[in-house]
Amino acid sequence: MRIGVFICHCGSNIGGTVDCAQVAHDAQSLPEVVYAINLMYSCAEPGQAAIEEAIKEYQLTGVVVASCSPRMHEPTFRRTVERAGLNRYMFEMANIREHVSWIGKDKEANTNKANELVAMAVEKLRRNRPLHAQSFDVNKRVLVIGGGVAGIQAALDCADGNIPVVLVEREATIGGKMAKLDKTFPTVDCSACILGPKMVDVAQHPNITLHAFSEIESISGYVGNFTVTIRKKSTYVDWTKCTGCGACTEKCPNKKTPDAFNEFTGPTTAISIAFPQAIPKRAVINPDYCRQLQKGKCGVCAKICPTGAIKYEMEDEVITEEVGAIVAATGYDLMDWTVYQEYGGGRYPDVITSLQYERLLSASGPTGGHVKRPSDGREPKNVVFIQCVGSRDKSIGRPYCSGFCCMYTAKQAVLTKEHIPDAQSFVFYMDIRASGKLYDEFIRRTIEEYGTEYIRGRVSKIYPDGKGSYTVCGVDTLMGKAITVSADLVVLAVGIEGSKDASKLAEKLRISYDKYGFFMESHPKLKPVQTNTAGVFLAGVCQGTKDIPSSVSQGSAAASKVLTLFSADKLQNDPQISAVDIKRCVGCGKCVQTCPFGAIQLTEIRGQEKAQVIDTVCQGCGLCSSTCPQGAIQLAHSTDNQILAEVHALCQR
Amino acid sequence: MKFAYYPGCSAHGSSADYEISTQAVCRTLGMELADIPDWNCCGSTPAHAIDTELSTALCVRNLDIAAKENVEKLLTSCPSCLSNLRLARHRMQDQQFRTRVNELLDAPAAKEFPQTYSVMEMLHEIYGPDIIAGRVHKPLTGIRLAPYYGCLMSRPAEIMNFGDPENPTVMEDLLTACGADTLDFPLKTECCGASFGIPERSMTARLSGKILELATRMQADALVVACPLCQMNLDLRQEQASKAMNTSFHMPVLYFTQVLGLAFGLPPEALGFNKLCVDAGPLLRKLATAQKSGGAA
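No experiment lies behind these values; they were computed from the predicted model shown. (Residues numbered from 1 in each chain as written. Chains lettered and ligands numbered in written order. Predicted model: local features only at pLDDT ≥ 70, side-chain atom pairs only at ≥ 80, totals over all residues.)

Caption draft 1: Inspection of the overall build of chain B at higher detail. Regarding its fold elements, chain B presents 14 helices and eight strands. Relative to the 2.2 N^0.38 estimate, which gives 19 Å for 297 residues, the radius of gyration of chain B is 19 Å and therefore close to what a compact globule would have. In terms of overall dimensions, chain B has C-alpha extents of about 65 × 45 × 30 Å along its principal axes. Sequence-distant contacts in chain B: of pairs separated by 6 or more residues, those separated by 24 or more amount to 80%. (Helix = DSSP H or I, 4+ residues; strand = E, 2+ residues; numbered from the N terminus. Rg over C-alpha atoms; globule rule 2.2 N^0.38 Å. Contact = placed C-beta atoms within 7 Å.)

Right under this line is the structure:
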């Protein structure tokens with residue numbers, strides 16, 4: 001073998017604390033190395049050209065680049081060696097940036113460590129074999145999980161690109177959080193009016209199959225060929241017959257059913273349609289409050305229904321869908337703000353969340369758009385808004401900014417004035433974060449034209465003053481004094497977290513999530529919609545806090561990733577997968593149990609049980625290889641021999 | 001059951017009624033509170049406001065005595081003593097700080113000290129609302145009580161370990177067990193003005209006034225407290241608070257042990273009611289009427 005070694009300075013990133021010329025010099029004495037040199041930027045065009053030229057000039061058959069993390073540029077350099085005529089797997093990378101120069105200041109120690117990593121890479125490369133990808137068919141259908149505005153956008157864009165879409169929504173209607181909003185900032189246009197047409201498009205699009213009131217049960221398979229089972233939860237209403245006329249909801253005798261769509265600001269009926277523009281506009285029975293299902297007598301809705309759609313005996317149904325890509329768009333939920341006992345911890349009826357306030361402002365809400373206090377129905381005159389309730393608060397383990405609260409609070413202050421002209425709004429804030437297009441202008445209008453009083457400081461306590469209002473105690477940090485404000489209604493801008501059960505879905509999707517339930521993107525800057533599982537993309541707040549324009553953008557971005565993926569008829573698999581040496585395999589089945597992807601099965605070969613790897617399912621994680629007691633199952637490109645050679649190279653020095 | 005007890009200085013002076021009623025209630029329940037020998041003042045506010053090491057040394061001397069007596073749990077009634085003793089134990093875990101404090105003492109202190117608990121917490125833990133309710137002879141039916149903890153019992157949360165620092169509920173459990181109508185008193189952990197009653201009288205009057213005003217608006221028959229200093233500010237200085245709020249309060253301020261004692265059927269004079277500045281007579285008469293009509297029904 002003829003090996004070339006290239007040591008990258010990465011400008012001063014590596015060159016500042018590693019003697020790259022020395023590393024290159026030392027590499028020349030490593031076995032089978034015929035050429036070694038240091039380059040300023042090996043990933044840049046001149047750097048890549050230098051590698052290509054050296055391959056030709058010195059007839060190199062393998063290349064080591066010592067630079068950054070392979071997660072950054074391994075694909076780049078594999079393409080480089082491929083252009084020069086080598087197999088892309090005759091390449092190894094030594095990470096002397098993240099693992100060396102960025103974490104140590106001692107130049108001599110860093111140079112030593114870089115030398116060791118290069119020696120290890122050379123030893124591994126000496127045992128590399130050319131690998132070749134296999135191609136397989138792509139199922140050009142996409143699953144979108146979550147029917148909020150991000151999911152809707154992703155579904156519509158894919159569908160318009162002629163891709164069949166399966167859209168799964170947990171609630172009875174699509175629309176997500178945006179459907180609950182009265183107006184949107186900074187234009188103060190009606191949320192339902194701008195979202196409504198998109199929801200109708202979803203319902204009418206020939207390429208979209210909508211499963212509302214359904215949840216993902218399981219996901220198996222791999223990019224291009226996922227199999228998904230979906231639990232269609234029982235609605236107790238046959239949706240093929242239901243016309244959404246609403247006669248049942250008028251006659252239902254149980255009018256005290258908690259209304260999740262209205263954020264529990266008012267009751268609904270046991271059989272209900274979420275809101276007038278619901279898609280699908282179909283009735284659902286809440287079995288916990290239905291008299292027929294609880295006590296076995298009532299049956300009013302069944303009697304009144306003109307189409308005979310009520311089915312009290314309906315059960316959940318599990319269906320299977322085959323897709324080639326998945327977009328997760330599961331959105332968010334509010335964090336549990338009742339931990340703030342100083343704000344009443346949920347005990348005071350007129351201390352509400354901003355999402356509840358949206359429902360009180362909304363014409364389709366429980367008060368018909370007239371702002372009334374939950375406690376006594378009185379119209380509030382003094383409304384206090386408190387920002388960052390559960391955001392940027394390390395004391396309750398929520399260090400992050402929820403991103404959109406500054407803006408919707410300003411919007412709600414404006415709406416308060418429009419609903420109640422003689423009302424006065426107060427906003428307690430930490431900082432005003434209004435960096436979007438036309439956002440800061442909107443904040444200024446809120447303050448200057450709508451007379452909203454902004455008070456920079458935190459609130460320490462809210463309590464009923466015994467006269468029917470609330471005393472809000474806080475601090476004005478600009479004035480440097482404690483202040484109290486009398487409030488008729490207090491609106492808390494509650495921080496957000498990943499949607500309920502997001503972590504369970506992440507495990508089904510085999511993607512990472514953080515401790516707040518947000519899904520992890522592949523790269524925080526350069527791969528914001530991809531995940532580390534091929535074929536799974538992210539859209540909307542499930543990936544991190546964002547407002548409507550950003551969610552819509554990411555929905556479209558995820559759709560474009562799906563369309564790009566589906567632009568090829570066949571996909572190539574990664575050949576770095578496991579293979580079984582059937583002479584050594586004793587058929588114990590430990591690998592079958594340990595494989596997280598179900599990629600290994602036992603088959604009978606000449607009368608004996610043997611393990612067999614399904615190439616397209618294997619993800620190359622290597623768990624089987626470390627589990628196998630016989631060493632019979634080996635991961636191509638990371639064989640036991642290769643790893644031992646690396647260890648040997650390190651320990652021998 | 002015998003318990004090691006740190007009475008604190010107030011118990012022998014300004015809060016004698018707290019001490020009398022605490023002893024009476026514990027005796028009724030079968031608890032004996034035995035003073036640790038040769039105890040000294042915890043240093044109170046003056047010591048910790050000026051010198052943390054001195055304040056700690058004063059507390060450590062007491063903890064050291066308790067340790068030598070093999071005490072497992074030390075009880076005290078006063079939240080300020082409780083706070084100082086618990087903080088001292090916590091601070092002594094820092095070796096450098098321990099060394100400096102030991103220099104102030106005659107001899108180095110024990111390596112480990114017993115933890116200190118409030119009498120309120122121990123009554124709740126040992127007996128609990130159910131057993132306490134079982135001991136009630138004269139339920140306080142119809143009496144509206146506003147529990148007020150003051151700022152010290154629950155803070156700092158990680159030292160005091162007394163439920164949610166903004167919303168402790170131990171006293172509510174005890175008062176409800178007595179049959180009283182326990183109010184959800186929002187200002188229960190607000191500051192009464194504490195020792196600023198002397199240097200900043202008007203501020204204390206305003207802070208205490210806020211508490212008395214809300215209790216009055218909530219139609220409480222009495223504020224129920226657990227701290228000698230809170231009691232003093234709210235009771236002895238109630239006239240000052242009235243002036244500050246431009247009104248005239250008549251709000252009895254009882255120790256929770258006085259309330260428990262009443263419910264256990266002990267006579268008010270055995271509970272130090274004669275020491276109160278704001279007369280609890282109307283409350284006692286309301287109670288007697290309620291109990292009479294309750295008994296007749």
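Having put the structure on the table, let's press on.
Caption draft 2: Structural context of the overall build of chain A. Secondary structure summary: chain A contains 19 helices and 34 strands in total. Viewed in the frame of its principal axes, chain A has a C-alpha envelope of about 85 × 70 × 40 Å. Within the span of chain A, comprising 653 residues, buried residues form 46% of the whole. Of all intrachain contacts in chain A linking residues separated by at least 6 positions in sequence, the fraction that spans at least 24 positions is 69%. (Buried ≥ 20, exposed ≤ 12 C-beta atoms within 10 Å, placed from the backbone.)

Caption draft 3: Structural detail: the environment of Ala154(A). Relative to the helices and strands, Ala154(A) is located in helix α7 (residues 149-160). Setting aside chain neighbours within four positions, we find Ala154(A) in contact with Val144(A), Val327(A), Ala329(A), Ala539(A), Gly555(A), Ala558(A) and Ala559(A).

Caption draft 4: Here's a closer look at the sheet that holds strand β22 (residues 424-429) of chain A. Residue and element names in this part refer to chain A. If you walk across this open sheet you meet the five strands as β20-β27-β21-β22-β23, and the pairing is parallel. Of all strands in the sheet, those bounded by a partner on one side alone are β20 (351-353) and β23 (453-456). The mean angle between the axes of side-by-side strands here comes to 25 degrees, regardless of whether they run parallel or antiparallel. Where β22 meets β23, four bridges bridge the pair, whose relative direction is parallel. The partner of Phe428 across the bridge, within β23, is Ile455. (Pairing = 2+ DSSP bridges. Axes fitted to C-alpha atoms, helices over the stretch in contact; angles between N-to-C directions.)

Caption draft 5: Molecular detail of the pairing of strand β1 (residues 3-8) of chain A. With six of six residues buried, β1(A) lies mostly within the body of the structure. Burial along β1(A) is two-sided: the face carrying Ile3(A), Val5(A) and Ile7(A) and the face carrying Gly4(A), Phe6(A) and Cys8(A) are both buried.

Caption draft 6: The nonpolar core, seen in detail. Core analysis: the biggest nonpolar cluster contains 228 residues, and Ala155(A), Val327(A), Ala328(A), Val490(A), Val562(A), Leu223(B) and Val224(B) have the highest contact counts within it. Residues within four places of Val224(B) in sequence aside, it is in contact with Leu145(B), Ala146(B), Pro147(B), Tyr148(B), Met171(B), Leu175(B), Leu254(B), Phe256(B) and Val259(B). (Core = buried A, V, L, I, M, F, W, Y, C linked by C-beta atoms within 7 Å.)

Caption draft 7: Region of interest: the domain arrangement of chain B. Residues and elements named next belong to chain B. When cut into domains, chain B gives domain 1 (2-119) and domain 2 (137-296). The straight-line distance from the C-alpha centre of domain 1 to that of domain 2 is 25 Å. Facing 21 residues of domain 1, the contacting portion of domain 2 comprises 24 residues. Residue assignment for the side of domain 1 that touches domain 2 shows that the elements contributing at least two residues are α1 (16-29) and α4 (79-91). Counted by class, the side of domain 1 that touches domain 2 contains eight nonpolar, 11 polar and two charged residues. (Domains from an automatic or database assignment. Nonpolar A, V, L, I, M, F, W, Y, C, P; charged D, E, K, R; others polar.)

Caption draft 8: The arrangement of the domain arrangement of chain A in detail. Residue and element names in this part refer to chain A. When cut into domains, chain A gives domain 1 (3-126), domain 2 (142-233 + 316-332 + 499-565), domain 3 (247-304), domain 4 (336-494) and domain 5 (578-636). Taken over C-alpha atoms, the centre of domain 3 sits 32 Å from the centre of domain 4. Across the boundary between the two partners, domain 3 contributes six residues, which contact nine residues of domain 4. Per-class residue counts for the side of domain 3 that touches domain 4 are two nonpolar, three polar and one charged.

Caption draft 9: Main features of the environment of Leu145(B). Residue and element names in this part refer to chain B. On the secondary structure map, Leu145 appears in strand β5 (residues 144-147). Classification of Leu145 as buried rests on a count of 26 C-beta atoms within 10 Å. Residues Leu145 and Leu175 lie 30 residues apart in sequence; the distance between their C-alpha atoms is 7.8 Å. In contact with Leu145, other than residues within four places in its own chain, are Leu175, Ala180, Asp181, Thr182, Leu183, Ala220, Asp221, Ala222, Val224 and Val259.

Caption draft 10: Quick peek at the environment of Leu565(A). All names here are of chain A. Checked against the element boundaries, Leu565 lands in helix α16 (residues 548-565). On the basis of neighbour count, Leu565 is assigned to the buried category, with 20 C-beta atoms found within 10 Å. Leu565 has contacts with Ala325 and Gly535, leaving out every residue within four places of it along the chain.

Caption draft 11: Local environment of the interface of chain A and chain B. Opposite the eight residues of chain A that make contact, chain B presents nine residues. Looking at the side of chain A that touches chain B residue by residue, the classes come out as two nonpolar, three polar and three charged.

Caption draft 12: A look at the pairing of β22(A). Residue and element names in this part refer to chain A. Among the six residues of β22, five are classified as buried, and the element is accordingly described as predominantly covered. Alignment of strand β21 (residues 382-389) against β22, held across five bridges, turns out to be parallel. The partner of Asn382 across the bridge, within β22, is Gln424. For the crossover from β21 across helix α13 (residues 405-419) to β22, the handedness is right-handed. Since β22 and β23 lie parallel, the crossover through helix α14 (residues 439-448) that links them has a hand, and here it is right-handed. (Right-handed = clockwise from strand over helix to strand, strands pointing away.)

Caption draft 13: Fine view of helix α12 (residues 354-361) of chain A. Residues and elements named next belong to chain A. The element α12 is largely enclosed, with a buried count of eight among its eight residues. Inspection of α12 places Ser354, Leu355, Gln356, Tyr357, Glu358, Arg359, Leu360 and Leu361 among the buried residues, and these make up the whole buried set. Against the buried residues of α12 lie β19 (332-334), β20, α13 and β27 (489-494).

Caption draft 14: Local environment of the sheet that holds strand β12 (residues 225-232) of chain A. All names here are of chain A. Taken in spatial order, the three strands make up an open sheet running β11-β12-β17, and their pairing is antiparallel. Each edge of the open sheet is held by one strand with a lone partner, namely β11 (214-222) and β17 (317-323). Sheet twist, expressed as the mean angle between neighbouring strand axes with direction ignored, is 20 degrees. Here eight bridges tie β11 to β12, and the two strands are oriented antiparallel to one another. Residue Glu215 lies in a different strand from β12, and its bridge partner there is Arg231.

Caption draft 15: Representation of the confidence of the model for chain B within the structure. Residue-level pLDDT values for chain B average 95, and 99% of them are 70 or greater. With pTM at 0.86, the complex prediction returns an ipTM value of 0.84. (pLDDT = per-residue confidence, 0-100.)

Caption draft 16: Highlighting unusual backbone geometry. Note that the residue after Ile279(A), namely Pro280(A), is joined by a cis bond; omega there is -5 degrees. Structurally, the position occupied by Pro280(A) is in the loop between β15 (271-272) and β16 (284-285). Positive phi is not limited to glycine here, since Gln59(A) has a value of about 50 degrees. The residue Gln59(A) is located in the loop between α3 (45-57) and β3 (62-67) in this model. With phi around 60 degrees, Asn246(B) is a residue other than glycine that occupies positive phi space. On the secondary structure map, Asn246(B) appears in the loop between α12 (238-244) and β8 (253-255). On the basis of neighbour counts, which here come to 7 C-beta atoms within 10 Å, the residue Asn246(B) falls in the exposed class.

Caption draft 17: Expanded view of helix α9 (residues 170-177) of chain B. All names here are of chain B. Burial of α9 is extensive: six of the eight residues sit out of reach of the surface. Among the residues of α9, those classed as buried are Val170, Met171, Glu172, Leu174, Leu175 and Ala177. Where α9 is buried, its residues meet α6 (119-126), α7 (128-135), β5, β6 (181-182), β7 (222-225) and α13 (256-263). Following α9 by one or two positions, Gly179 adopts a phi angle in the positive range, close to 90 degrees.

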